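If you want the building blocks of each chain, they are given just below.
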There are 2 protein chains.
Amino acid sequence: MECVANLELGQYAGSLLKMVDIPSYLSGYVDGEGCFTVSIAPRPILRVGWEVRPSLSVSQNGDRSEVLLIMQDYFGSGTIRPDRSDKTLKWEVRSLPVLIARVIPHFETYRLLSGKQRDFEAFADVCRWMARGDHLFPGGLTKIVWRIREMNPSGKRGYKSEYILTKIAEMKA
Amino acid sequence: MECVANLELGQYAGSLLKMVDIPSYLSGYVDGEGCFTVSIAPRPILRVGWEVRPSLSVSQNGDRSEVLLIMQDYFGSGTIRPDRSDKTLKWEVRSLPVLIARVIPHFETYRLLSGKQRDFEAFADVCRWMARGDHLFPGGLTKIVWRIREMNPSGKRGYKSEYILTKIAEMKA
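Treat the numbers as computed from the prediction; the structure is a model and nothing was measured.

Here we look at the overall build of chain A
- If you tally the helices and strands in chain A, you get seven helices and four strands.
- When the helices and strands of chain A are listed from N to C terminus, the series reads α-α-β-β-α-β-β-α-α-α-α.
- Taking all 173 residues of chain A together, the buried fraction comes to 36%.
- Considering only intrachain contacts with a sequence separation of at least 6, the fraction spanning at least 24 residues in chain A is 57%.

Let's talk about the sheet that holds strand β2 (residues 50-61) of chain B
Residue and element names in this part refer to chain B.
- Taken in spatial order, the four strands of this open sheet run β1-β2-β4-β3, and their pairing is antiparallel. Looking along the sheet, the strands with just one partner apiece sit at the ends: β1 (34-42) and β3 (79-82). Neighbour to neighbour, the strand axes of the sheet diverge by 35 degrees on average, direction disregarded.
- Sheet strands touched by helix α2 (residues 22-33): β1 and β2. Its angle to β2, the strand with the most contacts, is close to 105 degrees.

Things to note about the relation of the copies chain B and chain A
- For the pair chain B and chain A, the relating rotation is 180 degrees, the translation along its axis is 0.0 Å, and the fit reaches an RMSD of 0.0 Å. Taken together, the rotation and translation relating the two chain copies correspond to the operation of a two-fold axis.
- Mapped onto chain A, 100% of the interface residues of chain B again fall at the interface, so both copies present the same surface.

With respect to the sheet that holds strand β1 (residues 34-42) of chain A
Residue and element names in this part refer to chain A.
- Within the open sheet, the four strands sit side by side as β1-β2-β4-β3. Their pairing is antiparallel. Bordering the open sheet on either side are β1 and β3 (79-82), each of which pairs with just one other strand. Going across the sheet, the axis of each strand differs from the next one's by a mean of 35 degrees, ignoring polarity.
- Where β1 meets strand β2 (residues 50-61), nine bridges bridge the pair, whose relative direction is antiparallel. Across the sheet, residue Pro-42 finds its bridge partner in β2, namely Trp-50.
- Across the sheet, helix α3 (residues 66-75) is in contact with β2, β3 and β4 (88-93); its angle to β4 comes to roughly 10 degrees.
- The strands touched by helix α4 (residues 96-109) are β2 and β4; relative to β2, the strand with the most contacts, the crossing angle is about 60 degrees.

Looking at the pairing of β4 of chain A
Residue and element names in this part refer to chain A.
- Pairing between β2 and β4: six bridges, direction antiparallel. Looking at β4, one finds that Leu-56 is bridged to Val-93.
- Sheet topology places β3 next to β4; four bridges connect them, and they run antiparallel. Looking at β4, one finds that Arg-81 is bridged to Lys-90.
- Linkage of β3 to β4, two consecutive antiparallel strands, is achieved through a turn of five residues.

Focus on the interface of chain B and chain A
- Each side of the interface is counted separately: chain B has 28 residues, and chain A has 28 residues.
- Looking at the side of chain B that touches chain A, the elements that each hand over two or more residues are α1 (11-19), α2, α3 (66-75) and α5 (116-131) of chain B.
- It is α2 of chain B that provides the largest number of residues to the side of chain B that touches chain A, a total of nine residues.
- Residues belonging to the side of chain B that touches chain A are distributed by class as follows: 11 nonpolar, nine polar and eight charged.

Regarding the nonpolar core
- Counting residues in hydrophobic clusters, the biggest one holds 79 residues, and the most contacted among them are Leu-26 and Met-71 of chain A together with Leu-26 and Met-71 of chain B.
- Ranked by residues supplied to this core, first place goes to α3 of chain A with seven residues.
- Those residues in contact with Met-71 of chain A that lie beyond four places of it in its chain are Leu-26, Val-58, Gly-78 and Trp-91 of chain A.

Section: the packing of helix α6 (residues 138-149) of chain A against helix α7 (residues 161-172) of chain A
All names here are of chain A.
- α7 packs onto α6 with a crossing angle of 170 degrees between their chain directions and a minimal axis gap of 10 Å. The pairing of α6 with α7 is recorded here as roughly antiparallel in orientation. For the element pair α6 and α7, the recorded crossing hand is left-handed. The segment α6 lies against α7, with Pro-138, Leu-141, Thr-142, Val-145, Ile-148 and Arg-149 engaging Ser-161, Ile-164, Leu-165, Ile-168, Met-171 and Lys-172.
- Grouping the constituent residues of the contact of α6 with α7 by class yields eight nonpolar, two polar and two charged.

Some details on α6 of chain A
- For α6 of chain A, built from 12 residues, the straight-helix expectation of 16 Å at 1.5 Å per residue is met to within 8% by its first-to-last C-alpha distance of 17 Å.
- Turning to α6 of chain A, the residues buried within the fold contact β1, β2, α5 (116-131) and α7 of chain A.

Overview of the environment of Ile-104 of chain A
- Mapped onto the elements, Ile-104 of chain A comes out in helix α4.
- C-alpha of Ile-104 of chain A to C-alpha of Arg-128 of chain A: the two residues are 24 residues apart in sequence and 9.5 Å apart in space.

Considering the packing of α2 of chain B against α3 of chain B
Residue and element names in this part refer to chain B.
- Where α2 contacts α3, the two axes come as close as 11 Å, and the packing angle between them is 120 degrees. If you check the angle between α2 and α3, you find them oblique. Relative to α3, α2 is oriented so that their crossing is left-handed. Residues Ile-22, Leu-26 and Tyr-29 of α2 form the contact with α3, whose own contacting residues are Val-67, Ile-70, Met-71 and Tyr-74.
- Looking at the contact of α2 with α3 residue by residue, the classes come out as seven nonpolar, no polar and no charged.

Calculation criteria
- Residues numbered from 1 in each chain as written.
- Chains lettered and ligands numbered in written order.
- Predicted model: local features only at pLDDT ≥ 70, side-chain atom pairs only at ≥ 80, totals over all residues.
- Helix = DSSP H or I, 4+ residues; strand = E, 2+ residues; numbered from the N terminus.
- Buried ≥ 20, exposed ≤ 12 C-beta atoms within 10 Å, placed from the backbone.
- Contact = placed C-beta atoms within 7 Å.
- Pairing = 2+ DSSP bridges.
- Axes fitted to C-alpha atoms, helices over the stretch in contact; angles between N-to-C directions.
- Least-squares fit on C-alpha atoms with pLDDT ≥ 70 in both.
- Nonpolar A, V, L, I, M, F, W, Y, C, P; charged D, E, K, R; others polar.
- Core = buried A, V, L, I, M, F, W, Y, C linked by C-beta atoms within 7 Å.
- Parallel < 35°, antiparallel > 145°, perpendicular 65-115°, else oblique.
- Left-handed = near helix turned anticlockwise from the far one by under 90°.
- Expected span 1.5 Å × (residues − 1).

In structure tokens form, the structure reads like this:
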């Protein structure tokens, strides 16, 4: 809770510190508005040819960004910036060390109550595999692509997993 | 917390009961996905000619409605049904007694951390004024219309407050 005390939330701060459990509140908020994503994009500089990028993002109308500031403070990281596609603000964490050290442990303790929990579990697996370098080798990357297929697709961007798997197989051959 | 124990949440129930503070989680979820609305529509059968309808609604993708079930259980009320406009499910409470007895006290204890708190405060005022019958008289209805003007407009539906205020003034005259 103490991290919220640093924020200037005006009239609300006094009373919310009394009752609201901030970690639970943030899990609830992320269950509604958050998105665990793992994108994979071509990156010729890497030996496997593909870069794996996990991120947690939370969007909010630009006129009420208070909870994004609390997120940033609570997790001690992440950037807040306007979303190109609409009039919202987006808080996003892409740092693998922060995801491993702060974000994943939080959501393992304060679990999501909806089916989004399954996305989180795949996300956490991928992050931990990346932390030990699996994504840098064809076998590990293949495993990651299969794990990501189980996640809720977030939008229409990105490469189809079949295409990536084919490319990895070609490289192995 | 005990109300959640009634739900069959499968693998999640065991662990979430240990850590997540359900009331705080639900406030966080509503901060992200919920909408406090007061609509006013013509109703010739009423002496003032207008009906005031407050509601709290929360939408969610139809494939993960778990949190809506928890809402329904926690507040002991509300309907869950498909939203006409998109592929979501919506939990909604329209009952004034339930709003007064369960919903408003909850959000006064587990306050919203975003600017949506201001919408809630106007909403709570209107519900309490209605509980004492203010909305049945031109003076009270006028006060309600002015209070609603301070709330975030939820979509483009509904009558403009200027129009309603003019109609009430004509009736008074």
